[in-house]
Amino acid sequence: MKRISPSGPVAGTVRLPGSKSITNRALLVAALASGESRLVGALRSDDTEAMIDSLSRLGVAVSWDGYDLIVAGSDGSLGAGDTEIDVRGSGTTARFLTAACTVRDGTVVVDGNRRMRQRPIGDLVRALGELGAAVEVLGEEDRPPVRVHGPALTGGAAILDASRSSQFASAVLMVAPCADGDTVLELREPIVSRPYIDQTLEVMRAFGAEAAWDGPTTLTVAAGGYAARDFIIEGDASAAAYPLVAAAVCGGSVRVGPLPEGSLQADLGLIPILERMGAEVRREGDDVILNGHPQTLAAVSENMNDAPDAVVALAVAALFAGGETRLTDIANLRIKESNRMEDLAMELRKLGGIAATGPDFLVVEGGELRAATIDPHDDHRMAMSFAVAGLRIPGVEIEDPECVAKTWPGFFAALESITTPLIIAVDGPGGVGKSTVSQAVAGRFGLGHLETGGMYRAGALAVLEAGIDIGDEAAVAALIDTLTVDVVDGRVIMNGTDVTDVLRTEAVSTASSRVSAVPRVREALVALQRRWVRPDGGGAVVEGRDIGTVVFPDSPAKVYLTARPDVRAIRRVRDLGLSEDDIPRIAADLAARDERDSTRAVSPLRPADDALILDTSDMPIEQVIDTVARFVIDRGRHPTT
Ligand code: DC
């Protein structure tokens, strides 16, 4: 189980893992080539390890050299002899090696985990049969395991149903240069995820094969094998989705790469979609930089046929967009690592999102978002996408977080490296319930709590104890410079002594309001407050007078509490255990403090432009807490008053 810390605006750079789809394609092509290849910046993950282990079992030597893979090519033979391979949960390994083993001398059984045994492979087996191969399906209903007898690939013409998975077409294409003769592959429409086929052709051609489209549904491949080479693997565009969506929904800026211009990776299609939702995107060399504007994130309607892997991250982004997002032409989501359509919708609903599914579409809207424990259904893309949701919704937990290792073992470290502590700024005059509300919200979201008034009160106490004239700004400033103040577990420690219990007297209250108007005092204490939230890095509710306007102006969740003066005076009298007779005096004190705090030259008390302003006069405290908590979860989507 992994609890996700909510984040303020993100900031930083993410070096992407190597592309999974390019790594596994290059691995197979290099294994079939003549000579030794180096795959630079390859991905090390469950899926690529499944391919590497399977190739090794077939008799092809593959080894790591830092981030590179060294592949000893088999010159079109892929080893020899009878064996079995376990592709575990890797779809590309299952499909690519089922096809590739048709040129191998021997019998190979290709099997995988429970989920793999539910993923269809019959369309591929039939097309291979038309090209002379002998492949038996051993599982039920066209599903693995399969047994491949070789060598038997003659080439020729075949028709392939490409409506379920582009991996079938890629599998046939990649083995085709090693067939006895040329191959013509006719794809029966509709063709899903066509960009992946283009990516396959690009890798094949890089290793010297002649392979191309010959019409909208026809592909031709010349026999002739592959030549080894050094090959640079791009960053994984599917992985880029998570940091990019994080910036789109949390705000801030993130840089991801390497994603070279002109890259054919299908999931780069997510970037223009995020732009249409309102994010700003620009390129610098091989890097993509996204600046998010969560307050104005807009819903979109998109055909996702070309970028199905980006759907999960996009559906999470849609939770935070204004309006209904419609993602269409995604029927094949139902046969991915999980039944991604229904599982995704179910987990979105757990977070309070509105999600409706159709045979080939998904509609998502925000709704009343709330924390939840997410079951990724053993699907790395679900785990990574919902971790991003947890940056915006405090309290999200991800079950089985290790499943991200399928494609990105370093995902959580990368995500943490771009997050910033979530600061909730609560400002307002005295007696509005700031402390009660801040403490409750901090408790609910597992955040720290800092009451900055205590720091000013400690400063005032020191001035009073030293007998300094508060009007003597130079003397007050000099004293503050020698003072140490800290807040630990809600207790105020001044010069090493816990002074919490003597800070709430009327004398200290009045003095603190005056002391806090001295610029040097504010400078020193604001610096202390900013330092205070850093050490644990886990975010905090910070309350005071100038938190949203001066101390943490980048806070994505600013709240300004007010109440009528008579109500505040009654609350103060109750807090201090005074009698009703004291109400007029306390009311006058509060009024004088308000006047001073709001009219002083430096950091006067006022709401930030983007603050939620709440008049708590007639609201029960529980309702105030709930309203603030909801605002924090909805920050950006919530209209401010
Ligand atoms: O919140 P409080 O009543 O404990 O604050 C005491 C005084 O400190 C208040 O009158 C104004 C000042 N203060 C401030 O100027 N800025 C803050 N962030 C917090 C308190």
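For clarity, every value in this text was computed on a predicted model and none was experimentally measured. (Residues numbered from 1 in each chain as written. Predicted model: local features only at pLDDT ≥ 70, side-chain atom pairs only at ≥ 80, totals over all residues. Heavy atoms only, no water.)

Hey, could you run me through the side chain of Thr 98 in this one?
For Thr 98, the position within the fold is in helix α3 (residues 91–100). The class of Thr 98 is buried, set by a relative accessible area of 0%. Polar side-chain contacts of Thr 98 include one of 2.6 Å to the backbone oxygen of Ala 94. Setting aside anything within four residues of it in sequence, one finds Thr 98 in contact with Thr 93, Val 110, Ile 121, Leu 124, Leu 128, Val 135, Val 146 and Val 148. (Helix = DSSP H or I, 4+ residues; strand = E, 2+ residues; numbered from the N terminus. Buried < 20%, exposed > 50% of the residue type's maximum accessible area, 1.4 Å probe, protein only. Polar contact = N/O pair within 3.5 Å; in protein donor to acceptor, adjacent residues only side chain to side chain. Contact = heavy atoms within 4.5 Å.)

How do you make sense of the site of the ligand when you look at a structure like this?
Taken together, 14 residues form the shell around the ligand, and within it Arg 457, Arg 522, Asp 546, Arg 593 and Arg 600 come nearest. Ser 516 is positioned with one of its side-chain polar atoms (N or O) 3.4 Å from an oxygen atom of the ligand. Take Arg 545: an N or O atom from its side chain is 2.9 Å from an oxygen atom of the ligand. Computed on the free molecule, the ligand has an accessible area of 440 Å², of which 98% lies beneath the protein chains in the complex. (Near = heavy atom within 4 Å. Areas by Shrake-Rupley, 256 points an atom, 1.4 Å probe, with all protein chains shown as cover.)

Looking at this structure, I do not really get the environment of Glu 399. What am I missing?
With respect to the helices, strands and loops of the structure, Glu 399 is situated in the loop between β23 (397–398) and α12 (411–418). Glu 399 sits in the partly exposed class, given a relative accessible area of 32%. For Glu 399, the contacting residues outside a window of four places in its chain are Met 1, Thr 373, Ile 374, Asp 375 and Pro 376.

Sorry if this is basic, but what is going on with the pattern of salt bridges here?
Pairs can form between side chains of opposite charge whenever their charged atoms are close. Counted under the stated rule, the structure contains 41 salt bridges. Between Arg 255 and Glu 284 there is a salt bridge, and its shortest N-O distance comes to 2.6 Å. With Arg 255 in strand β15 (residues 252–257) and Glu 284 in strand β16 (residues 280–284), this pair connects stretches of sequence that are 29 residues apart. Given a relative accessible area of 24%, Arg 255 falls into the partly exposed group. Note that Glu 506 is salt-bridged to Arg 585, the shortest N-O span being 2.3 Å. You can see Glu 506 sitting in helix α16 (residues 506–515) and its partner Arg 585 sitting in helix α20 (residues 583–599), a full 79 residues away along the chain. For Glu 506, a relative accessible area of 26% gives the class partly exposed. A single salt-bridge network, built from bridges that share partners, covers Arg 15, Arg 255, Arg 282, Glu 284 and Asp 287. (Salt bridge = Lys/Arg side-chain N within 4 Å of Asp/Glu carboxyl O.)

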